[in-house]
Amino acid sequence: MLDYNSYENNIFYPMEAKILNVKQVTELERHFSLKLANDKQMTFSPGQIMEVSLFGYGEIPIGFASSPTRKNSFDIVVRSVGRVSKAINKLQKGDSLYVRGPLGHGFDLKAFKNQNVMIVAGGIGLCPTRSMIQYILDKRSDFKKFTLLYGSKNPNQRMFVDDLEVWAKSSDVDFHETVDQGIPGWKGNVGLITTLFKNLEVESNTKVIICGPPVMFKFVIFELQKLKIKNEDIYLDLERRMKCGVGKCGHCQINDHYACIHGPVFSLDTIKHLEEAI
Ligand code: FES
């Protein structure tokens with residue numbers, strides 16, 4: 001008989017996670033480094049998600065923002081937009097929150113091995129893709145050319161500024177960044193993320209990951225098609241309005257697909273016929 005009080009046998013059972021560190025990244029976003037209580041290990045793949053909860057408030061789906069290759073902790077970024085996220089964002093180092101996961105399908109790491117990879121991230125889309133970025137950088141010899149494009153609304157909304165500085169100087173990644181609107185003192189590119197494609201050298205056999213606001217998808221896909229990148233090589237990280245995270249409630253449904261169990265990572269080939277998807 002299964003013991004439904006144990007996490008291993010119950011998909012709804014939240015595990016306690018201790019906050020090792022927390023940092024305010026922007027006005028709305030906080031970056032947490034977590035560790036499961038009782039020396040449990042969180043095992044996950046880049047692109048997977050978890051449900052993060054606080055008793056008395058509820059739970060919200062959040063993607064892993066660090067790579068499984070970094071074993072001491074796992075990261076999430078929480079944007080203060082609703083009751084649950086606002087309550088979570090009041091927590092401090094040493095407090096606990098609760099997690100269920102990992103959930104869903106992440107990136108097919110075997111398919112990405114020995115390939116050229118490009119990641120196109122917009123706004124807080126950099127958070128879930130940071131897991132794959134760190135993974136690639138930690139296993140750099142497993143991949144060919146690695147290109148990273150990042151666009152944010154303005155310089156005050158840039159996520160992970162320390163990482164951005166490192167990536168900009170690194171020879172392991174061809175990093176390009178832009179902001180939609182500059183502010184006094186900003187010396188970088190200004191323009192939509194699609195403007196970064198102008199002088200880009202990308203092979204047509206590159207696997208591409210896109211994550212960001214839905215409005216960005218169509219325009220980025222258009223640029224990728226100009227580069228002759230095939231639909232089957234384009235992956236979208238779709239984080240829909242999830243609730244249960246395990247295919248029971250239908251909140252994340254896109255026609256016959258559930259973002260929580262079939263995704264959140266989908267190849268464009270799989271979902272291009274679903275009007276709602278992109
Ligand atoms: S979140 Fe409930 S079915 Fe996907």
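Counting from 1, residues in each chain are numbered in the order their sequence is written. This being a predicted model, a pLDDT of at least 70 is required before a residue's local features are given, and a value of 80 or more before pairs of side-chain atoms are given or counted; all residues contribute to the totals for chains, interfaces and linings. In computing side-chain properties, one takes all heavy atoms of the structure into account and sets aside hydrogens as well as water.

(A) Spotlight on the overall build of the protein chain. Secondary structure elements follow DSSP: runs of H or I no shorter than four residues count as helices, runs of E no shorter than two count as strands, and numbering proceeds from the N terminus. A tally of regular secondary structure across the protein chain gives six helices and 15 strands. With respect to the three principal axes, the spread of C-alpha positions in the protein chain is 55 × 45 × 35 Å. Working definition: with a 1.4 Å probe on protein chains only, accessible area under 20% of the residue-type maximum means buried, over 50% means exposed, and in between means partly exposed. Residues classed as buried in the protein chain amount to 51% of the 278 residues present. A separation threshold of at least 6 residues defines the contact pool for the protein chain, and within that pool the share at least 24 residues apart is 68%. Of the charged side chains in the protein chain, 35 are positive and 31 negative; the average position of the first set lies 2 Å away from that of the second. Whether two residues touch is decided by their heavy atoms; if any such pair falls within 4.5 Å, the residues are in contact. Neither His nor the chain ends is counted toward charge; the positive residues are Lys and Arg and the negative residues Asp and Glu. By convention, charge coordinates are those of NZ in Lys, CZ in Arg, CG in Asp, or CD in Glu.

(B) Representation of the sheet that holds strand E10 (residues 189-190) in the model. Here, a strand pair is defined by DSSP locating no fewer than two bridges between the strands. Spatial ordering of the open sheet is given by E10-E9-E8-E7-E11-E12-E15, a layout of seven strands whose pairing is mixed. A single partner strand is all that each edge strand has here, and the edge strands are E10 and strand E15 (265-267). Bridge count between strand E7 (residues 116-122) and strand E8 (residues 146-152): six bridges; the pairing is parallel. Its bridge partner lying in E8, Met118 is registered against Thr147.

(C) Just unusual backbone geometry, in detail. Note that the residue after Gly101, namely Pro102, is joined by a cis bond; omega there is 5°. Residue position: Pro102 is located in strand E6 (residues 96-103). A cis geometry characterises the amide bond from Gly263 onward to Pro264, with omega recorded as 15°. Position of Pro264 relative to the elements: it lies in the loop between strand E14 (257-258) and E15.

(D) Layout of the domain arrangement of the protein chain. You can read the domains of the protein chain as domain 1 (7-103) and domain 2 (109-237). Measuring from the centre of the C-alpha atoms in domain 1 to the corresponding centre in domain 2 gives 24 Å. Taken together, the contact between domain 1 and domain 2 spans 18 residues of the former and 17 residues of the latter. The buried area of a pairing is the accessible area, by a 1.4 Å probe, that goes missing from both parts when the two are put together, added over both. Taking both sides of the interface into account, the surface hidden between domain 1 and domain 2 amounts to around 1,400 Å²; carbon and sulfur atoms contribute 58%. The rule for a salt bridge is simple: a side-chain nitrogen of Lys or Arg has to be within 4 Å of a carboxyl oxygen of Asp or Glu. Viewed at the interface, domain 2 and domain 1 are joined by three salt bridges. Two N or O atoms form a polar contact when they lie within 3.5 Å of each other; inside protein one atom must be a possible hydrogen donor and the other a possible acceptor, and for residues adjacent in sequence the pair counts only when both atoms belong to side chains. There are seven residue pairs in polar contact (both at pLDDT 80 or more) connecting domain 1 and domain 2. With three residues, the top contributor of residues to the side of domain 1 that touches domain 2 is strand E5 (residues 74-79). Following the grouping adopted for this structure description, the nonpolar residues are Ala, Val, Leu, Ile, Met, Phe, Trp, Tyr, Cys and Pro, the charged ones are Asp, Glu, Lys and Arg, and the polar ones are all others, Gly among them. Looking at side-chain class alone, the side of domain 1 that touches domain 2 contains seven nonpolar, six polar and five charged residues. Start and end points for every domain follow an automatic or database-based domain assignment.

(E) Region of the structure containing the pairing of strand E3 (residues 49-54). Counting buried residues along E3, six of its six residues qualify, which places the element largely inside the surrounding structure. Here E3 shows a buried face lined by Ile49, Glu51 and Ser53 and a second buried face lined by Met50, Val52 and Leu54. One ladder, built from six bridges, connects E3 with strand E4 (residues 58-63); its direction is antiparallel. From the neighbouring strand, Ser53 faces E4, where its bridge partner is Glu59. Taking the residues that link successive antiparallel strands as the turn, the E3-E4 hairpin has three residues, and the phi of Gly56 there is positive, at about 90°. As paired elements, E3 and E6 share four bridges and run antiparallel to each other. Directly across from Ile49, in E6, lies its bridge partner Leu103.

(F) Structural view of the nonpolar core. Ranked by size, the top nonpolar core spans 31 residues in total, and within it Met118, Val120, Ile210, Leu224 and Leu236 carry the most contacts. Of all the secondary-structure elements, those providing two or more residues to this core are E7, strand E11 (206-211), helix H5 (214-226), strand E12 (234-237) and helix H6 (268-271). For this core, the element with the most residues is H5, which contributes five residues. The nonpolar core is taken to be a set of buried Ala, Val, Leu, Ile, Met, Phe, Trp, Tyr and Cys residues, with the residues joined through side-chain atoms within 4.5 Å. Grouped together as the second largest cluster of nonpolar side chains are 27 residues, Ala65, Leu126, Met132 and Phe175 included.

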